Amino acid sequence: QFPPRVRLVEVGPRDGLQNEQQPISVAEKVRLVDDLSAAGLGYIEVGSFVSPRWVPQMAGSADVFAAIEQRPGVTYAALAPNLKGFEAALAAGVREVAVFAAASEAFSQRNINCSIGESLQRFAPLMEAAAEHDVRVRGYISCVLGCPYDGAVQPADVAHIAAELIGMGCYEVSLGDTIGVGTAGDTHRLFDRVCRDVPRERLAGHFHDTYGQALANIHAALIEGIAVFDSSVAGLGGCPYARGATGNVATEDVLYLLNGMGIETGVDMDRLVTAGDRICQVLGKLNGSRVARAMLAR
Ligand code: HMG
Ligand code: MG
């Protein structure tokens, strides 16, 4: 029995654009976010409050937050790796943040310059401040199906970190296949194991499509009862700390799958395709959504 409704978490403006080398103006980022909310997406990750030395493209996130049209009922979120990032997000009016850990030590060091244990310690004061200000916190775990530096990752390790994040106060944990290496079998084993420690209602899937397996993995996760998926319009993105990783699974492609299965999302396909195509033209990039390319060719 598949979930009747899926919540799509649109990460294009953050996970998508963070990897772009060329400068993208605040106005273009704002336009993208506004196009996505107009398409019916109820959750948009707008930017990051991280070190601008580490991820220069996200430096203007406060300006983006100040200029977007905040539609009622839509959640506009940002990444925050530590208390400093949280305070900057709060000052920018952000009402929901996401912390990000990794399932492998090497990726944790490369991405946030500390061990997994240290990262959880750094989140603690952030979680406290968030509770004080009534800001919701989502958690991410990277490299859940493989690490570019350490190789294989054990589902039990992912389960332990996910349970820790929930115990610290995250309302949901998104499991990221950062380098897109996982298959449907791996995805089944992962959720089967993690669901022993964390209720499935509190888990999300975050699939990058590097090996073309993301839709199959989402289908496998749906079978496990997972009903929240992260995706990126036009398949934008990659990860600055995972060489060769492509973007997230394209939102248009996930929507096509879900529409075909009769699963509700509240997202309008035509508007979504238009939004994705516009940002691809701005970036001078080929649209990474197969569905969008097919629809635009008609
Ligand atoms: P660090 O160098 O260890 O930090 O970086 P530090 O505490 O030693 O501070 C060094 C300097 O950074 C100081 O400035 C701090 O003030 C500053 P200085 O005194 O030298 O001028 N600093 C900050 N500045 C702005 N915002 C902050 C902040 N914190 C410290 N929040 C840190 C540690 C975590 C900051 C750094 O490693 C970092 O910013 N990493 C970000 C990495 C990142 O954004 N990666 C991409 C997102 S994660 C992802 O894409 C995966 C995901 O999609 C899921 C998946 O696919 O797997 C979520
Ligand atoms: Mg990602």
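Further up the page is the structure itself.
The numbering scheme is per chain: residues are counted from 1 as the chain's sequence reads. Think of it this way: whatever chain is written first is A, whatever ligand is written first is 1, and the rest follow in order. Note on the predicted model: pLDDT of at least 70 is required for a residue's local features to be given, and 80 or more for side-chain atom pairs to be given and counted; whole-chain, interface and lining totals, by contrast, use all residues.

(A) Molecular detail of the site of ligand 1. All residues are tested the same way: a C-beta atom is placed from the backbone, and lying within 6 Å of a molecule or strand makes the residue near it. Close to ligand 1 lie 26 residues, the nearest being Val50, Gly85, Ser142, Gly176 and Thr178. Put simply, the parts of the chain that give the shell around ligand 1 at least two residues each are helix H4 (83-91), helix H5 (105-112) and strand S5 (136-142). Per element, the largest residue contribution to the shell around ligand 1 is three residues, and it comes from H4. Under the grouping applied here, Gly and all other residues not named as nonpolar or charged are polar, the nonpolar ones being Ala, Val, Leu, Ile, Met, Phe, Trp, Tyr, Cys and Pro and the charged ones Asp, Glu, Lys and Arg. Looking at the shell around ligand 1 residue by residue, the classes come out as twelve nonpolar, twelve polar and two charged. Per the convention used, a helix needs a DSSP run of H or I reaching at least four residues, while a strand needs a run of E reaching at least two, with both numbered from the N terminus.

(B) Layout of the packing of helix H8 (residues 184-194) against helix H9 (residues 214-223). Whenever a helix is involved, its axis is fitted only over the stretch in contact; in every case the axis is a line through C-alpha atoms, and angles between N-to-C directions fall within 0 to 180 degrees. Between H8 and H9, the least distance of the axes is 8 Å, while the angle of their chain directions is 35°. Relative to H9, H8 is oriented so that their crossing is right-handed. Counting all contacts with H8, which are made through Ala184, Thr187, His188 and Phe191, the residues of H9 involved are Ala216, Asn217, His219, Ala220 and Ala221. When the residues that make up the contact of H8 with H9 are grouped by side-chain class, the tally is five nonpolar, four polar and no charged. Each crossing gets its handedness from the near helix: less than a right angle anticlockwise from the far helix is left-handed, clockwise is right-handed. Note that contacts rest on C-beta atoms placed from the backbone: two residues are in contact if these are within 7 Å.

(C) Main features of the pairing of strand S4 (residues 96-102). Three exposure classes are used, based on other C-beta atoms lying within 10 Å of a residue's own C-beta, which is placed from the backbone: buried for 20 or more, exposed for 12 or fewer, and partly exposed in between. Of all seven residues in S4, six are buried, a share of seventy percent or more. Strand pairing requires that DSSP identify at least two bridges connecting the strands. Bridging between strand S3 (residues 75-79) and S4 involves three bridges; their strand directions are parallel. When the sheet's bridge partners are listed, alanine 78 is paired in S4 with valine 97. At this point the chain moves from S3, through H4, to the parallel S4, and the crossover so formed is right-handed. Both S4 and S5 contribute to a ladder of seven bridges, which runs parallel. Paired with alanine 101 across the bridge in S5 is isoleucine 141. Orient the strands so they point away from the viewer; a crossover is then right-handed if the path from the first strand over the helix to the second runs clockwise.

(D) Representation of the nonpolar core in the model. Counting residues in hydrophobic clusters, the biggest one holds 92 residues, and the most contacted among them are Val97, Ile141 and Val158. If you tally residues by element for this core, the top one is S4, at six residues. If we ignore the near neighbours within four places in the chain, the residues touching isoleucine 141 are Ala101, Ala102, Ala103, Val158, Ile161, Ala162, Val173, Leu175 and Gly176. A set of buried residues qualifies as a nonpolar core if it consists of Ala, Val, Leu, Ile, Met, Phe, Trp, Tyr and Cys joined through C-beta atoms within 7 Å.

(E) Examining helix H6 (residues 116-132) more closely. Each helix should span, by expectation, one fewer than its residue count multiplied by 1.5 Å. Under the 1.5 Å per step criterion, the end-to-end length of H6 is 25 Å for 17 residues, consistent within 8% with the ideal 24 Å. Along its length, H6 reaches its greatest deviation from straightness, about 25°, at alanine 124, and the proline proline 125 lies no more than four positions downstream. Taken as a whole, H6 has its buried residues at Ile116, Ser119, Phe123, Leu126, Met127 and Ala130. Against the buried residues of H6 lie H4, S4, H5, S5 and helix H7 (155-168). What we call the bend at a residue is the angle made by axes fitted to the seven residues finishing there and the seven residues starting there.

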